[in-house]
Amino acid sequence: VQTLHGKGVRVIYQPVHQTSFSVGGIESFQESVKRNGLTSNTEVIQFTEIEADERVARRTGFVAGSQLYYIQRLRYLDGKPLIFDINIFLKSIVPGITKEIAQESIYDYIEQELCMTIVTSKRTMTVEHVTQLDEKYIDLKGYNCMAVITSQTYNADGEMFEYTQSR
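For the structure given in this document, a descriptive report is provided here. (Residues numbered from 1 in each chain as written. Predicted model: local features only at pLDDT ≥ 70, side-chain atom pairs only at ≥ 80, totals over all residues. Heavy atoms only, no water.)

**Remarks on the nonpolar core**
Next up, step 1: Ile71, Phe89, Val94, Ile97, Ile106, Ile110 and Phe161 are the most contacted members of the largest nonpolar core, which totals 36 residues.
Next up, step 2: Where this core is concerned, the elements lending two or more residues are strand 5 (67-77), strand 6 (80-90), helix 3 (99-104), helix 4 (106-113), strand 8 (145-155) and strand 9 (160-166).
Next up, step 3: No other element matches the six residues that strand 5 contributes to this core.
Next up, step 4: Filtering out sequence-adjacent residues up to four positions away, Val94 remains in contact with Tyr69, Phe89, Ile110, Leu114, Met116 and Phe161. (Core = buried A, V, L, I, M, F, W, Y, C linked by side-chain atoms within 4.5 Å. Buried < 20%, exposed > 50% of the residue type's maximum accessible area, 1.4 Å probe, protein only. Helix = DSSP H or I, 4+ residues; strand = E, 2+ residues; numbered from the N terminus. Contact = heavy atoms within 4.5 Å.)

**A word on helix 4**
Next up, step 1: Turning to helix 4, its buried residues are Ile106, Tyr107, Tyr109 and Ile110. Down the axis of helix 4, the buried set is contained in an arc of 160°. They therefore lie on one face. Exposed and facing more than 90 degrees away from the buried side of helix 4 are Gln112 and Glu113.
Next up, step 2: Backbone nitrogen of Asp108 and a side-chain oxygen of the N-cap are separated by 3.1 Å at the start of helix 4; the cap is Ser105.
Next up, step 3: Following helix 4 by one or two positions, Cys115 has its phi on the positive side, about 55°. (Arc of directions from axis to C-beta. Polar contact = N/O pair within 3.5 Å; in protein donor to acceptor, adjacent residues only side chain to side chain.)

**Notes on the pairing of strand 6**
Next up, step 1: Where strand 5 meets strand 6, 10 bridges bridge the pair, whose relative direction is antiparallel. By the bridge assignment, Tyr76 is partnered in strand 6 with Pro81.
Next up, step 2: From the end of strand 5 to the start of strand 6, which pair antiparallel, there are two residues, and Asp78 there has a positive phi angle of about 50°. (Pairing = 2+ DSSP bridges.)

What follows is the structure, given as structure tokens:
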């Protein structure tokens, strides 16, 4: 549950399958890069707007019919393509995202420009077979499986505004 001052309590719990486990802490990619003293850059592979159908709604937790930004980004650390992100943002809560913002830092835009507080994130980690996109963009060094972290992120009003899959 998440407490909302003056409003009460909102239930954000969703059961976690036994084969996955939660990963805590909210830190943006850019914040992690700075903390670890690395160099990074981000390549936006795809930036589009979509409407959530039933399949997307089941997968992400957004309501069917929601207007969303769908973004694929390749994250480089010290010049190596290491993380493939699929980000989906709810347009009604996070308006105005552009390809240029996605190339820099969406969280910086959310916190600095939209003045929104990011409160909590439900994360799960699984190990999955690689996809064609993984093989296309990431040097897998012959591996056929990879760690996948999915997250649903909430603001101070208890509203989910982001679903992300980091591969």
